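Tertiary structure, described
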Amino acid sequence: MNGRFTRLAETDRPKVNIIVDGQPVQAMAGDTLMVAMLSSGTSLRSAEFGPEKRAGFCLMGACQDCWVWTADGGRLRACSTPVENGQQISTSQPEVTWPNHG
Amino acid sequence: MAEPRVIAEPRVIIVGAGPAGVRAAEVLVASGVRPVVIDEGRRDGGQIYRRQPEGFTRGYDSLYGTEADRALSLHETFDGLKDKIDYRPDTLVWNISQGRVWTNANGRVDDLEYDALLLCTGATDRVMPVKGWQYAGVFSLGASQVALKSQAVSIGRRVVFMGSGPLLYLVASQYVKAGANVVAVLDTAPFFARIKALPKLLAEPGVLWNGIMLTRMLQKSGVRVMTGVKPLEILGEPETGVSSLQFEAGGKVHEIACDAVAMGHHLRPETQLADLARCAFRFDAVTRQWLPVVDADGRSSVDGVYLAGDGARILGARSAEASGQLAAMTLLSDFGIAASDRWALRQAVANYARFATGLAEAFPWPHEQIADLADDVVLCRCEGVTVGEMRRVDAREANRAKAFNRVGMGRCQGRYCGLAGAEVLAAARDLPVEAIGRLRGQAPVKPISVGVAEDEA
């Protein structure tokens, strides 16, 4: 599957496997969640106020566009969270979808 | 401060471990002070000298180019300081109140008292909204650089860099060197603005020369480089994201196929913490931004609060090192600990300021283009609020407008919409942009879990 991001270097790192919305995604040790998800897919989540998919924006923890969720409902910034083997990620907020106070 | 506040061991907190914060910590440690250094990053270096994760093997030359020696020196300095400071990485300062900073590290909340606070909070991209910028595949310019530097990835297979400022050319050239496919560099600034700004840019001939070489390198590599561009629309599909970009240049409409757009118009300082520390602000007409008031030595308007680096005003990484040292020396002198001669550092910072004015004139914020944006352009990317909604709001001031239309209240809290929103509102009300004011910083400065704020605030 073609991803949005392309790897240009540092491709000899050990492989790591995560699960995104129930589907296996292969990543590399040292990847952020965002890089793992956008190297195999094209988006991170759906926008709340429009029809479009979102794939992050600032990559430095300032815009909060890249929120994803852990299986138990914890919110993560995909741009600044490193992948861990076996991690289970949901691209929509489990249970509650709105209001979303942050 | 008129008289030194003599405290045997002042509790000093530095926020930020980029070039300003690291050099400030170095100065303090040399005088026997053990500062707390709080940084949101997992590793030191800030954004510009961001360190790649453990296990990555690219060398300094490939990561930092002409600034490799500076990056290495900064990282080595910080490595040498680690056991002489109280270093708290991965930690957000989300409030400053009553002489304390409030932190959150992965849900663990802390508050720390200080006698002196040195804010080295850095900057984020200043962005101009473009129709379609909400699509997946549009990133800030800084984001595109972080992707490459910190993760060795390109943000796409056909990348367009659009905006203005030195970072536009720097990042595009870094992408080319790393083997990414850069299809165009589109600068909204007209070329003649650069010629007019030349006398001020000569304040830093070395930096100017590096910039000229970058542009030549891009052109030699076959990258389309255009100036005087007016962005029209980023086209795409809601599901798949960006597919092309339309713009006007030389009186013609052009369209370029691409799957990624990196956009930025230079930078804006992160001033929320200075605001919460009750620092006074002033309007800077050159950059059309509100900046915290800072004297030539790094003092803010509030006793015991010092400002350095791009978080105070955008003077660049080299200046950040100098202003970090300067502010730390001032702090030591104000507390009666050590008084060094600060003349040379003051001169250096003043020179960088002259250069920065030249850059702001050479690569101006295209406020007329923003004032001209169509009503259906998304202004607030977080909540899909349009330019038209800002024009129609019953308000003449930024915070009042925010209360009605939520521009500045979403996930980014105004970081990426505030400046453009003020330009739209100013033009619609026929007011100077300074009359619109600035979005006030609010705690928490970034979203934290509700439980954390309720338990501790």
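Computed from a predicted model, the values in this text were never measured in an experiment. Residue indices begin from 1 for each chain and proceed along its sequence in written order. Going through the entries in the order they are written, you letter the chains from A and number the ligands from 1. Since the coordinates come from a predicted model, pLDDT governs what is reported: local features require at least 70, and pairs of side-chain atoms require 80 or more to be given and counted, while whole-chain, interface and lining totals use all residues.

**A look at the sheet that holds strand 6 (residues 67-70) of chain A**
All names here are of chain A. For clarity, the cut-off: In this scheme, strands are said to pair when DSSP sees at least two bridges between them. Secondary structure counts use DSSP, requiring at least four H or I residues in a row for a helix and at least two E residues in a row for a strand, with both numbered from the N terminus. For helices, the fitted axis covers only the stretch in contact; all axes are lines through C-alpha atoms, and the angles between them, taken along N-to-C directions, range from 0 to 180 degrees. By definition, residue pairs are in contact when their C-beta atoms, positioned from the backbone, come within 7 Å.
Spatially, five strands are ordered 3-2-8-6-7 in an open sheet, and the strand pairing comes out mixed. For this open sheet the edge positions go to strand 3 (23-28) and strand 7 (75-77), each flanked by a neighbour on one side alone. Shown here is a sheet whose adjacent strand axes are inclined to one another by a mean of 40°, direction ignored. Alignment of strand 6 against strand 7, held across three bridges, turns out to be antiparallel. For Trp69, the partnering residue across the bridge sits in strand 7 and is Arg75. The strands touched by helix 1 (residues 33-40) within the sheet are strand 2 (15-20), strand 3, strand 6, strand 7 and strand 8 (88-90), with strand 3 carrying the most contacts at an inclination of about 115°.

**A closer look at the environment of Glu233(B)**
Residues and elements named next belong to chain B. In plain terms, the rule: For every residue, the other C-beta atoms within 10 Å of its own C-beta are counted; 20 or more classify it as buried, 12 or fewer as exposed, and values in between as partly exposed. C-beta atoms are placed from the backbone.
Relative to the elements of secondary structure, Glu233 occurs in strand 14 (residues 230-237). Judged by local crowding, Glu233 falls into the partly exposed class, with 16 C-beta atoms found within 10 Å. The spacing of Glu233 and Thr386 is 153 residues in sequence and 14 Å in space, taken between C-alpha atoms. The contacts of Glu233, once residues within four sequence positions are left out, are Val130, Lys131, Gly132 and Gln246.

**Topic: the interface of chain B and chain A**
The condition is simple: Gly counts as polar in this scheme, as do all residues outside two lists: the nonpolar Ala, Val, Leu, Ile, Met, Phe, Trp, Tyr, Cys and Pro, and the charged Asp, Glu, Lys and Arg.
Taken together, the 42 residues of chain B in the interface contact 36 residues of chain A. Of all the elements in the fold, those that place two or more residues in the side of chain B that touches chain A are strand 8 (123-125), strand 9 (138-140), helix 4 (141-151) and strand 10 (153-154) of chain B. Looking at the side of chain B that touches chain A element by element, the count peaks at five residues for helix 4 of chain B. A per-class count over the side of chain B that touches chain A returns 18 nonpolar, 15 polar and nine charged. Where strand 1 (residues 6-7) of chain A lies against strand 10 of chain B, two bridges are found, and the strand directions are antiparallel. Bridge pairing in strand 10 of chain B places Arg7(A) opposite Val153(B).

**Digging into the packing of helix 5 (residues 166-178) of chain B against helix 8 (residues 205-220) of chain B**
Packed helix pairs are characterised by how far apart their axes lie and by the angle those axes make with each other. All names here are of chain B. For clarity, the cut-off: These descriptions rest on fixed angle ranges, namely under 35 degrees for roughly parallel, over 145 for roughly antiparallel, 65 to 115 for roughly perpendicular, and the rest for oblique. The sense of a crossing depends on the near helix, which, turned anticlockwise from the far helix by less than a right angle, makes the crossing left-handed and, turned clockwise, makes it right-handed.
Contact pair helix 5 / helix 8: the axes reach a minimum separation of 9 Å and the direction vectors enclose 50°. Looking at the two axes, helix 5 sits oblique to helix 8. Along this stretch, helix 5 crosses helix 8, giving a crossing that reads as left-handed. Along its contact with helix 5, which presents Pro166, Tyr169, Leu170, Ala172, Ser173 and Val176, the element helix 8 presents Gly211, Leu214, Thr215, Met217 and Leu218. The residue inventory of the contact of helix 5 with helix 8, partitioned by class, reads eight nonpolar, three polar and no charged.

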